[in-house]
Amino acid sequence: MKRFFNFKNLPIFFQNTKLGTVALLLLVASVMSVVFAVAINWIFGLIWLVVVVIGLVFSGQAFKEVSENAQEYLSGLGYRIARSEQEALIRMPIGIILLNQDQKIDWINPYMQSYLDKRDVLGLELSELDGTLAQEINSYADSSDTNTITWQERQFSLFVQQNLRVIYLMDISEYAAIAKQYEDHQLFSGLVSVDNYEEVTEGMSESETSTLRTFVTRSLSDWAADHQIYIRRLNTVHYVMFGYQSALEEAEADKFSVLKAIREATAQQNLPVTLSIGIAYGTPNINQLAKLAQTNLDLALGRGGDQVVVKAEDSAARFYGGATNPMEKRTRVRARMVSQTISELIEQADNIMIAGHVMPDLDSVGAGLGVWRLAQTKNKPAFLVIDEKQVYSDIKLLLAELRKSPADFVAPGSNINDSIIDETRALKLVRDNTLLVLVDHANTNISGASQLLARLGNRVVVIDHHRLAEQGLKDKPLMSYIEPYASSTSELVVELLQYQDQSNAPITKIEATAMLGGIQIDTKNFTLRTGSRTFDAASYLRANGADSNLIQSFMKEKFTDFKARTHLINLAEIQDGNAIVTGENQNNYSGLITAQAADELLQISGVDASFVITKRQDGRVGISARSTGDRNVQRVMEALGGGGHLSNAATQIADVTTDEVKKQLLDVLAEQKEE
């Protein structure tokens, strides 16, 4: 009896619960139908019994066949799945490495073995197997993502399953080659401008001009042909170029040698011609490429020319060249036109806000005073925005002297006493038609009135002599007067003033003194970046009462500052023409002392550039960089997040020590030396 009720001894279809239930219900229904048939008529019941028995026999056979077939199918399917898993591990094109608890190789599949020849690898550590492969795997050991590595001159997709100690490697070299081919055939667009063609060819004969033009075109065409770039001349001074990304990479590796070749070849003939190039890439939209190329060319020209700007819309710009001082391109006619345009913008405004950069120097404040005086010639209220809590001693002395001036007018913004305000008050005076004039800077990050700039971003005029930085301004100004050749912004403003009628609002002695001081500071007493226009501006200011003795009184310093500057100079190390000073990390130095130390180091024989690294009062580490003009310190500072002028630049870096910044500086200098 026990054997009879054993579930395992039942027919196979009864072992399936669902099939067994159906069979049992069918049996019960059959028995009940027979009983019901006998009750009606025993003869009919006997016949129905025979029919039911035959039906049950056939049903039982059918259930049995269905159950056996299903069992056979499932068994075969399970075998095939298990077999395919084994075959996949052995034959699929994925390398598999199993490690034991001691991080030694327990097993590898045949596909992985094919990359290791016939080496016996079981029991080896990864470093013993292949040092390069071990380094790549260990670098991504904690990553939950799939990463791409290079091994045996091929590219692999790597995934590390840390909990199971399994490493998967898939060879994706073919797919990587296809992706690289796609990237290499992305289109780039470029615009070329001959910076100083009109200045160089002035006074030349037609034949000489034609010869020069032909030389430039041939040099550009030969260089473009060598790099498989299409170039076409648009007019006398402009060219357009197109090419693939692979050609652009070759040109960048070549550092755009055509700039140096043309500059040096023409300089030997006393006809120094320089080129500026703007190149755009990264989008299939040809119209967008053309617009971005023009923007990049404008940036190259704004930085002084003789350089290449390569930039995609969503990436940082890359700069090449720019190692020479820009040639003077502004003319008296341009200065007069700019003066007229700015005066018209002032006349249309309700009031004018004038702002320099943070921690303003004499050039920034002097230029601001010049623009303030220009507004007075148009009888427009103007305000000079200065944070007097963030100024050096020379500016404090200048502001104190300004406030001694008598108030000729009573309206706010019409006398200098009431026109020097902070940004908080300036924001309250802003109207719908207020004009903001930025002097001595064109960069949002260093603006002394960032909130004003954000509010009046579409009503801004820029007057500056620094090379244009990549960041620049968020919105395009109404007008930009940026002349990198000029000695100072004060020089530019003085020229603008000379074209205005000052009979009703003549320039005052203190204003002339401030602007002359700005010129003296930025030219290091007329020794750097000076031209004939610089001395013309200085002469005009002296004629209007500028006092050199007053400037010297502004520049007087405390004895403690003198000692601090001398101490920094004593720390100087000279390497390859670079004087490098690293201040103590525990001592804070003002930006003025740091800058003065950098200036004085240029007086040392054999020093072409100076870099003074100090801890600032705000906790950041600053670098003041100076050069004699033969080295481009602007590019060095840009590589460290700063900017400035070819011979005068700076940067500030947060959350680092002075020694760490020195190492970063040396790395950048070494990298740029190789270019």
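The structure this text deals with has already been given above.
Since the structure is predicted, the reported quantities are computational estimates derived from the model, not experimental observations.

## Focus on the sheet that holds strand S3 (residues 147–151)
Point 1. What the five strands build is an open sheet, ordered S2-S1-S5-S4-S3; its pairing is antiparallel. Because the sheet does not close on itself, it has two edges, and the strands there are strand S2 (105–108) and S3. For this sheet the average axis-to-axis angle between neighbouring strands, irrespective of direction, equals 30°.
Point 2. Where strand S1 (residues 95–99) and strand S5 (residues 166–171) come together, four bridges link them in antiparallel fashion. Looking at S5, one finds that Leu98 is bridged to Val166.
Point 3. Its contacts with the sheet place helix H5 (residues 131–139) against S3, strand S4 (154–161) and S5, and it is angled at close to 170° to S3.

## Quick look at the packing of helix H13 (residues 362–376) against helix H18 (residues 489–498)
Point 1. With their axes 8 Å apart at the nearest point, H13 and H18 run at an angle of 15° to one another. One element, H13, and the other, H18, form an angle in the roughly parallel class. Remark: the crossing between H13 and H18 carries left-handed chirality. The residues of H18 that touch H13, namely those facing Asp363, Gly366, Ala367, Gly370, Val371, Arg373 and Leu374, are Thr489, Ser490, Val493, Leu496 and Leu497.
Point 2. Among the residues forming the contact of H13 with H18, the class breakdown is six nonpolar, four polar and two charged.

## A look at the sheet that holds strand S20 (residues 609–615)
Point 1. Taken in spatial order, the six strands make up an open sheet running S18-S19-S20-S21-S23-S22, and their pairing is mixed. The strands lining the two open edges of the sheet, one partner per strand, are strand S18 (573–575) and strand S22 (643–645). Averaged over all neighbouring strand pairs, the angle between strand axes comes to 15°, with direction disregarded.
Point 2. Alignment of S18 against strand S19 (residues 578–582), held across three bridges, turns out to be antiparallel. Of the residues in S19, the one forming a bridge with Ile574 is Ala579.

## Observations concerning the pattern of salt bridges
Point 1. If you walk through the whole model with that rule in mind, you get 15 salt bridges.
Point 2. For the salt bridge of Asp306 with Arg263, the shortest nitrogen-to-oxygen distance reads 2.9 Å. Of this pair, Asp306 sits in the loop between helix H11 (286–302) and strand S10 (307–312) while Arg263 sits in helix H10 (residues 257–267); the two residues are 43 residues apart in sequence, bridging distant segments of the chain. For the pair shown, Asp306 and Arg263 are each scored as buried.
Point 3. A salt bridge links Lys378 to Glu347; its shortest N-O distance comes to 3.9 Å. Of the two residues, Lys378 sits in the loop between H13 and strand S13 (382–385) while Glu347 sits in helix H12 (residues 332–348), which places them 31 residues apart along the sequence.
Point 4. Using a relative accessible area of 43% as the deciding quantity, one classes Glu347 as partly exposed.
Point 5. Because the salt bridges share partners, they merge into one network encompassing Arg616, Asp618 and Arg620.

Criteria and cut-off values
Residues numbered from 1 in each chain as written. Predicted model: local features only at pLDDT ≥ 70, side-chain atom pairs only at ≥ 80, totals over all residues. Heavy atoms only, no water. Pairing = 2+ DSSP bridges. Helix = DSSP H or I, 4+ residues; strand = E, 2+ residues; numbered from the N terminus. Axes fitted to C-alpha atoms, helices over the stretch in contact; angles between N-to-C directions. Contact = heavy atoms within 4.5 Å. Parallel < 35°, antiparallel > 145°, perpendicular 65-115°, else oblique. Left-handed = near helix turned anticlockwise from the far one by under 90°. Nonpolar A, V, L, I, M, F, W, Y, C, P; charged D, E, K, R; others polar. Salt bridge = Lys/Arg side-chain N within 4 Å of Asp/Glu carboxyl O. Buried < 20%, exposed > 50% of the residue type's maximum accessible area, 1.4 Å probe, protein only.

Honestly, that's just the spatial picture; any functional story needs more than this.
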